Amino acid sequence: MLSYMPADVGLLLLLVAAASVVLGTVLQRVSGMGVGLVVSPTLALLLGPVAGVLLTNLTTTVSAALLAITLRRDIDWHRYRRLAPLIVVGSVPGALLVGAADRSWLEVIIGAALLATLITTALVQIPPVSGLLPAAVAGTAGGFLNTAVGVAAPAMLVYAQATGWTQRSFAATLQPIFCTMGAISVIAKVGLGAAPVSGLPPATLIALVVAMVPVGILVGSPIARRVPAQVGQRIAVVVVTAGALVLLGRGLAGAVELF
């Protein structure tokens, strides 16, 4: 908890958390994704996997809601309605996993899941698909990943690649999807007691993280006009890979000590 840390360590935590939110929001404005990818491993390392992912879910909800307003003209509401209902189905087992797993094993699960989804996205050739079933699978997988590890972007990216979803519409429609996922993840975990609100860090950190979202959007808007979406996605992949490796290593070290 931040309130029990020395002042200089607490300040460092605040600065790193704020910087990760700004970077994630800028990347999300550029490519449609980024907040969960960057913020989840960062906050999980700083605050632990339960509080870190819960705060990531809160941050994602706020950032996606604001970006949805900015990008509302390009949102494909038909696709949103296909994906959104299954988010709840995936969120419940995700919340149960968070409540049942030991902290070290949860860090291992988060790190491994992040790396696995990124590798799948980068290396696996996705065959073209269409219809309701792929949307149902993507919505369920996204809900589970978002609730358990705070990152649903890889599941959505695989779905977009498989269905030939254009980047402009994809980036815009991700925002109401991420907003819905973030809100449902918080409700599921708090409601099932997997991540109680009392486990969140002090209000100062929460307020700062949420306050940095508009800053990231303001900075990201002019950048989005100059930087290709693919560049933003590559930066996000580098950041999340580094964070996932550190988180996985720390989790494995802690799991070894349990034996």
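These numbers come from a predicted model, not from an experiment. (Residues numbered from 1 in each chain as written. Predicted model: local features only at pLDDT ≥ 70, side-chain atom pairs only at ≥ 80, totals over all residues. Heavy atoms only, no water.)

Q: Is there a simple way to explain the packing of helix 7 (residues 132-149) against helix 8 (residues 153-163) in this structure?
A: Taken N-terminus to C-terminus, the directions of helix 7 and helix 8 make an angle of 165°; their axes are 8 Å apart at the nearest point. On the basis of their axis angle, the class for helix 7 and helix 8 is roughly antiparallel. Handedness of the crossing formed by helix 7 with helix 8: right-handed. Between helix 7 and helix 8, the contacting residues are P134, A135, A138, G139, A141, G142 and L145 on the first element and A155, M156 and Y159 on the second. Looking at side-chain class alone, the contact of helix 7 with helix 8 contains 8 nonpolar, 2 polar and no charged residues. (Axes fitted to C-alpha atoms, helices over the stretch in contact; angles between N-to-C directions. Helix = DSSP H or I, 4+ residues; strand = E, 2+ residues; numbered from the N terminus. Parallel < 35°, antiparallel > 145°, perpendicular 65-115°, else oblique. Left-handed = near helix turned anticlockwise from the far one by under 90°. Contact = heavy atoms within 4.5 Å. Nonpolar A, V, L, I, M, F, W, Y, C, P; charged D, E, K, R; others polar.)

Q: Help me understand the nonpolar core, please; the structure alone is not making it clear to me.
A: Side chains of a nonpolar character, in soluble globular proteins, are inclined to be buried together. Ranked by size, the top nonpolar core spans 41 residues in total, and within it M33, L83, M156, F170, I177 and F178 carry the most contacts. Per element, the largest residue contribution to this core is 7 residues, and it comes from helix 6 (residues 103-123). Sequence-distant contacts of F178, that is, excluding residues within four places in its chain, are made with Q28, G32, M33, T60, A64, A152, A153 and M156. Listed in part, the 24 residues of the second largest apolar core include V21, V22, L43 and L67. (Core = buried A, V, L, I, M, F, W, Y, C linked by side-chain atoms within 4.5 Å. Buried < 20%, exposed > 50% of the residue type's maximum accessible area, 1.4 Å probe, protein only.)

Q: Sorry, what's going on with the packing of helix 3 (residues 49-70) against helix 10 (residues 203-224) here?
A: Relative placement of two packed helices is described by the angle separating their axes and the distance separating the axes. For the pair helix 3 and helix 10, interaxial distance at closest approach is 10 Å and the crossing angle is 30°. As summarised for this structure, helix 3 and helix 10 are arranged roughly parallel, according to the angle between their axes. Between helix 3 and helix 10 lies a crossing of right-handed hand. From helix 3, L55, T59, V62, S63, L66 and L67 reach across to helix 10, where they touch L205, I206, V209, V210, V213, P214 and I217. Residue composition of the contact of helix 3 with helix 10, by class: 11 nonpolar, 2 polar and no charged.

Q: When you look at helix 9 (residues 167-191) in this model, what are you seeing that I'm missing?
A: The α-helix advances 3.6 residues per turn, and as a result positions three or four apart in sequence lie on the same side. Taking 1.5 Å per residue, 25 residues should reach 36 Å; helix 9 reaches 35 Å between its end C-alpha atoms and fits that length. If you look at helix 9, its biggest bend is around 25°, right at L174, and the proline P176 turns up within four residues after that. Judged by how many residues are buried, helix 9 sits mostly within the fold: 18 of 25 residues are covered. (Expected span 1.5 Å × (residues − 1). Bend = angle between axes of the 7 residues up to and from the residue.)

Q: Hey, could you run me through the confidence of the model for the chain in this one?
A: Any residue range with low pLDDT should be treated as having predicted coordinates unsuitable for detailed reading. For the chain, the average pLDDT comes to 81, and 90% of its residues sit at 70 or higher. Summarising per-element confidence for the chain, the mean pLDDT is lowest in helix 11 (residues 229-258) (73) and highest in helix 4 (residues 77-83) (92). Confidence drops under a pLDDT of 50 for residues 1-9, and excluding neighbours within four residues, the segment shows 12 contacts in the predicted structure. (pLDDT = per-residue confidence, 0-100.)

Q: Would you mind showing me how to read the side chain of S104 here?
A: You can see S104 is positioned in helix 6. A relative accessible area of 14% means that S104 is categorised as buried. Ignoring any residue separated from it by four or fewer positions in sequence, one finds S104 in contact with G251, G254 and A255.

Q: Just checking my understanding: could you explain the environment of V210 for this structure?
A: Position of V210 among the secondary structure elements: in helix 10. When its relative accessible area of 27% is taken as the criterion, V210 is described as partly exposed. Distance from V210 to A255, taken between C-alpha atoms, is 32 Å for residues 45 residues apart in sequence.

Q: I'm lost on the packing of aromatic side chains in this one. Help?
A: The description of two aromatic rings rests on the distance between their centres and on the angle between their planes. Enumeration over the complete set of coordinates arrives at 3 aromatic pairs. Where Y159 meets W165, the ring centres are 6.0 Å apart and the plane angle is 85°; that geometry is what we call edge-to-face. For the pair Y159 and W165, a shared accessibility class is recorded, and that class is buried. Each ring, one from W165 and one from F170, has its centre 5.3 Å from the other, and the planes form 65°; the classification is edge-to-face. A relative accessible area of 1% means that F170 is categorised as buried. Every member of this aromatic cluster is reached through a ring pair, and the members are Y159, W165 and F170. Across from the ring centre of W165, 4.5 Å away, lies the NZ or CZ of R79, which sits over that ring. (Phe/Tyr/Trp six-rings, centres within 6.5 Å; stacked < 30°, edge-to-face > 60°. Lys NZ or Arg CZ within 6 Å of the ring centre and 35° of its normal.)

Q: How should I be thinking about the side chain of K189 in this particular structure?
A: Along the polypeptide, K189 turns up in helix 9. Residue class for K189 comes out buried when judged on its relative accessible area of 1%.

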